[in-house]
Amino acid sequence: MAAPAAQDPLVSRYLDHVRFEKRLAERTCALYQLDLTRLAEMAAASQVPLLQVQSGHVRRWVAQMHSAGRSGRGIALILSGWRGFYTWLGREGLIPQNPVADVRAPRVTKPLPKALGVEEAVQLAEHEEDNDDPWLEARDAAMVELLYGCGLRIAELTGLDVVASADAARTGRGWIDLANAEVQVQGKGGKRRSVPLGRAAVEALTHWLGVRSQLTGMLTQPVAAASTVSLALFPGRYGTRLTPRGVAQRLKRRSLLAGLATPVHPHMLRHSFASHVLQSSGDLRAVQELLGHANISTTQVYTRLDFQHLAKTYDAAHPRAKRK
């Protein structure tokens with residue numbers, strides 16, 4: 001049988017290599033040692049020396065770890081450590097090929113994005129916070145309408161100006177177009193898209209723009225030598241462009257004040273937008289365009305959310321679904 005990894009001279013030499021020649025962090029080296037200890041123990045249990053391990057052995061050990069409850073991500077990290085060890089053994093001329101090279105961890109199932117129910121989303125959108133300064137209430141209400149009503153990313157929201165300009169188009173900022181009830185944004189990969197503004201969003205933005213015009217330093221048209229911050233659709237308290245962190249903090253606070261059980265973050269409203277549009281229309285391509293996804297596969301996660309919603313409705317309403 002193979003000796004435990006802590007006593008195996010090959011493992012010791014490899015750990016010295018990553019510690020002193022590659023100069024990896026001590027914590028990383030400690031994790032490598034744990035992974036190689038696991039490898040040596042599995043090899044010993046299979047009565048195979050470390051230098052004679054084959055791909056079939058590694059696949060069997062992966063299956064054992066997976067059936068024991070280890071996550072796909074955890075297994076992938078372990079395989080990465082093993083792969084590095086056998087790559088080094090190959091460079092040392094001790095093995096003809098890397099037995100871990102073509103072995104992959106079980107596919108990790110991506111968790112469903114968290115989305116609000118329709119009633120919760122409407123509850124948040126219709127909330128009015130009377131204890132806030134009127135300009136903060138107007139601004140935050142408009143932000144919620146754009147996040148939920150248009151499915152914007154938080155960076156797209158904070159990058160919006162009140163009006164189109166050559167500078168905004170050149171630097172990747174977006175803008176609103178109330179006359180045509182549209183918002184122009186630049187998303188990931190520099191892709192620009194136009195998203196329609198619903199009635200509630202237009203009303204919230206119209207009210208906010210009336211309040212915004214009273215704030216010191218805020219402009220509604222480009223002016224030579226003026227800072228681009230003066231055109232920001234959503235300024236902060238001190239006249240700067242509101243940051244993503246600031247939006248997240250205000251939304252979390254607003255969702256709790258609105259009586260929602262779970263604090264809401266901006267991307268949750270984007271997920272809610274996509275899920276609710278898909279529930280109503282069933283048009284996956286349209287949702288893809290509205291969200292600005294490059295690939296339809298990214299959008300397809302919302303079909304799982306839609307099915308989850310339908311399954312809950314069935315369980316609650318259909319007489320044959322009820323269990324005694």
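Residues numbered from 1 in each chain as written. Predicted model: local features only at pLDDT ≥ 70, side-chain atom pairs only at ≥ 80, totals over all residues. Heavy atoms only, no water.

K.L.:
How would you summarise the pairing of strand S4 (residues 192-196) if you had to cite specific residues and measurements?
P.N.:
Side chains Arg193 and Val195 of S4 all project onto a buried face; the interleaved residues Arg192, Ser194 and Pro196 project onto a face where none is buried. In this sheet, S4 lies alongside strand S3 (residues 182-186) in antiparallel orientation, the contact comprising five bridges. Bridged to Val183 within S4 is Val195. Turn length for the S3-S4 hairpin, with the two strands adjacent in sequence and antiparallel, is five residues, and the turn residue Gly189 shows positive phi of about 70 degrees. (Buried < 20%, exposed > 50% of the residue type's maximum accessible area, 1.4 Å probe, protein only. Helix = DSSP H or I, 4+ residues; strand = E, 2+ residues; numbered from the N terminus. Pairing = 2+ DSSP bridges.)

K.L.:
Residues and numbers for the pattern of salt bridges, please.
P.N.:
For the coordinates displayed, the defined rule picks out 16 salt bridges. Here Glu156 ties to Arg153 by a salt bridge, and the two come within 2.6 Å at their closest N and O atoms. With relative accessibility at 11%, the residue Arg153 sits in the buried group. Across the pair Arg199 and Glu203 runs a salt bridge, and its minimum N-O distance is 3.4 Å. Pair noted here: Arg199 and Glu203 are both in helix H9 (residues 199-212), with a separation of four residues, about one helical turn. Look at Arg199 and you get exposed, because its relative accessible area is 61%. Judged by relative accessible area, Glu203 falls into the partly exposed class, the value being 48%. Through salt bridges with shared partners, a single ionic network connects Asp132, Arg139, Asp140, Arg250 and Arg253. (Salt bridge = Lys/Arg side-chain N within 4 Å of Asp/Glu carboxyl O.)

K.L.:
Give me the lowdown on the sheet that holds S3, citing residues and values where you can.
P.N.:
Either a parallel or an antiparallel arrangement is found when strands of a sheet pair, and the pairing is made through backbone hydrogen bonds. Reading across the sheet, the four strands line up as S1-S2-S3-S4 and stay open at both edges, with mixed pairing between neighbours. Since the sheet does not close on itself, it has two edges, and those belong to strand S1 (160-161) and S4, each with one partner.

K.L.:
Break down the nonpolar core for me, citing the residues and quoting the values.
P.N.:
Of all hydrophobic cores here, the largest spans 49 residues; its most connected members are Leu124, Leu146, Leu233, Phe234 and Leu269. Taken together, the elements giving at least two residues each to this core come down to helix H5 (118-125), helix H6 (134-150), S3, H9, helix H10 (244-257), helix H11 (266-281), helix H12 (284-291) and helix H14 (301-317). Once residues lying within four places of it in the same chain are set aside, the contact partners of Leu269 are Leu116, Leu124, Val144, Leu147, Tyr148, Leu251 and Val264. Residues Cys29, Ala43, Ile75 and Val100 belong to the second largest nonpolar core, which totals 28 residues. (Core = buried A, V, L, I, M, F, W, Y, C linked by side-chain atoms within 4.5 Å. Contact = heavy atoms within 4.5 Å.)

K.L.:
Describe the packing of aromatic side chains, listing the residues and the values that go with them.
P.N.:
Within this structure, the stated rule accounts for eight aromatic pairs. When the centroid spacing of 6.4 Å and the interplanar angle of 25 degrees are considered together, the rings of Tyr14 and Tyr32 count as stacked. Here Tyr32 lies in helix H2 (residues 26-45) and Tyr14 lies in helix H1 (residues 9-21), a separation of 18 residues in the sequence. When its relative accessible area of 4% is taken as the criterion, Tyr14 is described as buried. Centroid distance Tyr14 to Phe85: 5.4 Å. Interplanar angle 70 degrees. Geometry classified as edge-to-face. With Tyr14 in helix H1 and Phe85 in helix H4 (residues 72-91), this pair connects stretches of sequence that are 71 residues apart. The exposure class of Phe85 is buried, given its relative accessible area of 0%. Of the aromatic side chains, those joined through ring pairs into one cluster are Tyr14, Tyr32, Phe85, Tyr86 and Trp88. (Phe/Tyr/Trp six-rings, centres within 6.5 Å; stacked < 30°, edge-to-face > 60°.)

K.L.:
Could you give an account of the side chain of Gln184, with specific residues and numbers?
P.N.:
The topology assignment puts Gln184 in strand S3. Side chain to side chain, Gln184 and Glu182 meet in a polar contact 3.2 Å long. Separated by 3.2 Å, the side chains of Gln184 and Ser194 make a polar contact. (Polar contact = N/O pair within 3.5 Å; in protein donor to acceptor, adjacent residues only side chain to side chain.)

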